[in-house]
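Chain by chain, the residues run as shown.
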Protein chains: 2
Amino acid sequence: MFWTTILFAALAPAVAEKVPPVTPSSIVAEAPAAAWKEIPADDLLQFEVKGRGTVVIQLSPDFAPVHVENIRLLARNGFWKGAAIYRVQDNYVVQWGNNETEKPWPRGVVPSPPPEYDRPLAGLTISPLGFPDPFAPKVGFADGWPVAYNPAAGWATLTHCYGYVGAGRGLSPDSGVGAELYAVLGQPTRHMDRNLAIVGRVIEGMEHMSALPRGTGPLGFYEDSKSAVPLISVTLASSLPRAARPRFQVMDTSSESFARYVRSRANRLDEFYEVPAGGVDVCAVQVPVRRAP
Amino acid sequence: MFWTTILFAALAPAVAEKVPPVTPSSIVAEAPAAAWKEIPADDLLQFEVKGRGTVVIQLSPDFAPVHVENIRLLARNGFWKGAAIYRVQDNYVVQWGNNETEKPWPRGVVPSPPPEYDRPLAGLTISPLGFPDPFAPKVGFADGWPVAYNPAAGWATLTHCYGYVGAGRGLSPDSGVGAELYAVLGQPTRHMDRNLAIVGRVIEGMEHMSALPRGTGPLGFYEDSKSAVPLISVTLASSLPRAARPRFQVMDTSSESFARYVRSRANRLDEFYEVPAGGVDVCAVQVPVRRAP
């Protein structure tokens, strides 16, 4: 009852001096400048979804370097002129590109990249999440990214969380060039971990893709190609004049702010939440990203 | 290399006698009639999202009996005439109802239901998932539903998975009547487990809500009430003439078919997936539901 009274008191406007509760949002809002890292302009890919708005993707060169370099070359060479979103499968993925047309690769693109589905654990500094994961022996965060890893086997992989972007591929064991991309738009598709290459994540504007009509064909493909939603100006931030570049920061996942943020995510306790889980999923943490202030 | 060759061979039309791989879909398709249970008509709530299509929700009376009975009374008495979807927050929830208008409750509605955020574990027959969960000591399936549970403390709760429907509530510790409902539309919001009452799940037509424009106000509320999307004919299947009732079946989660389905989800291995995770999240399992054949 005491607790209940406190909760009600918190709502009374008269108690103006009350200290607001610590929440994931308040920790992000109060994090010092040192807890944030600028995302390099060469790691930011942006495009406009026609009639919807702008999507910004942070690329992940430390995890899929060959695919990411392919994507940069494709962007710089205008490969995605005429590209469109052609697949939206509910609770699964949204997918875009030139839909397997026979357009030739720009010079320098590696047509058969290695399968960058995981990478050596060595070389990564991981802050372990500290809670169990149903899909992998361990999960944690490395340089701003959520990772699943296996200390015994020595691999680490980015996790297929909401908004994470991977390189589409066919049935064959090659890993896709990076020309056809998908983003997860529902339940994390963690069964894809180590089976497809994650090349980045949507850091702004995911709602311009997630709110698109679902495709009614098999696997959510649009049955009529006229339904495909054009992408306009697929551009690397580094290709823009300096003043026009979007600038983003990601929270340093080795910072004390991030550790507090994770603890708060795992122990939601404020006016609204009264029974904390005491744990959180690696994808539910959602690494904070913001526009540079 | 041998495996690679097999994969290519599988694509060759000449190899017509090849046995198709076992996948979650093939297990569902081949499950015997005995592996399916009819959903009672009184547990099916349906409505049309104006201009979009029909949504069908399976109610969960074994977990939130008072809320579910409220919902039945609200539906039977036309309480949701004029109701609308007024909140769509990306990667979080879609929410609908009369948006806290002062409409009086129909007779019989319990205005302050008990907090049916969890229930006693006793009385449930649970098939454990068998993989760790970051949010709860144990997870599994009970009578067609995903549950998190704590054998030591003796509670069980439905899990906030994609498409799962809960009763909205205010800050106060009361649990909401069941008049304002939300459905999860992204990363499972498992931190809500045991803090809000799950009253059911969307079993058909989730795409008619998940593809709606995201609200641009705080928490994804539509800033202009004219943006709200009307709900038409919110009806229990049991209120319809027998011939007009939708009929659904859910896979018996204690069946051998379901056990095989879970194993297949945890060990995706077919032409496309070559590295099975060896585990799966309780929400990623997605209990199979189908129209009655």
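Here is what the cut-offs are and how they apply
Residues numbered from 1 in each chain as written. Chains lettered and ligands numbered in written order. Predicted model: local features only at pLDDT ≥ 70, side-chain atom pairs only at ≥ 80, totals over all residues. Heavy atoms only, no water. Phe/Tyr/Trp six-rings, centres within 6.5 Å; stacked < 30°, edge-to-face > 60°. Helix = DSSP H or I, 4+ residues; strand = E, 2+ residues; numbered from the N terminus. Buried < 20%, exposed > 50% of the residue type's maximum accessible area, 1.4 Å probe, protein only. Lys NZ or Arg CZ within 6 Å of the ring centre and 35° of its normal. Contact = heavy atoms within 4.5 Å. Pairing = 2+ DSSP bridges.

Chemist: Even after reading the chapter, I still don't get the packing of aromatic side chains, so can you show me in this structure?
Modeler: How two aromatic rings sit relative to each other is set out by the distance from centre to centre and by the angle between their planes. Applying the stated criterion across every chain, the model contains 16 aromatic pairs over all chains. Judged by centre distance (4.9 Å) and plane angle (75°), the ring pair of Phe141(A) and Phe258(A) falls under edge-to-face. With Phe141(A) in strand β8 (residues 138-142) and Phe258(A) in helix α5 (residues 256-266), the pair connects residues that are 117 residues apart, well separated along the chain. A relative accessible area of 1% places Phe141(A) in the buried class. Through a chain of ring-to-ring contacts, three or more aromatic side chains come together here, namely Phe79(A), Trp80(A) and Trp105(A). Over the ring of Phe272(B) we find Arg169(A); its NZ or CZ atom is 4.0 Å from the centre of that ring.

Chemist: Help me understand helix α5 (residues 256-266) of chain B in this model?
Modeler: Counting along an α-helix, one turn takes 3.6 residues, and residues three or four places apart therefore face a common direction. Turning to α5(B), its buried residues number three or more, namely Ser257(B), Phe258(B), Tyr261(B), Val262(B), Ser264(B), Arg265(B) and Ala266(B). At its buried positions, α5(B) is contacted by α2 (24-30), β8 (138-142), β15 (248-251) and α6 (282-285) of chain B.

Chemist: Can you help me understand the pairing of strand β9 (residues 145-150) of chain B in this one?
Modeler: A regular strand places its side chains on the two faces of the sheet in alternate fashion. Residues and elements named next belong to chain B. With 6 of 6 residues buried, β9 is to be regarded as a mostly interior element. Side chains of β9 alternate between two faces, with Trp-145, Val-147 and Tyr-149 and Pro-146, Ala-148 and Asn-150 buried alike. Here β8 pairs with β9 via 5 bridges, running antiparallel. Looking at the pairing, Phe-141 lines up with Pro-146 of β9. Counting the residues between successive antiparallel strands, the hairpin from β8 to β9 contains 2 residues, one of them, Asp-143, with a positive phi of roughly 50°. Bridge count between β9 and strand β10 (residues 155-158): 4 bridges; the pairing is antiparallel. By the bridge assignment for β10, Asn-150 is matched with Trp-155. Counting the residues that bridge the hairpin from β9 to β10 gives 4 residues, and of these Gly-154 lies at a positive phi of roughly 80°.

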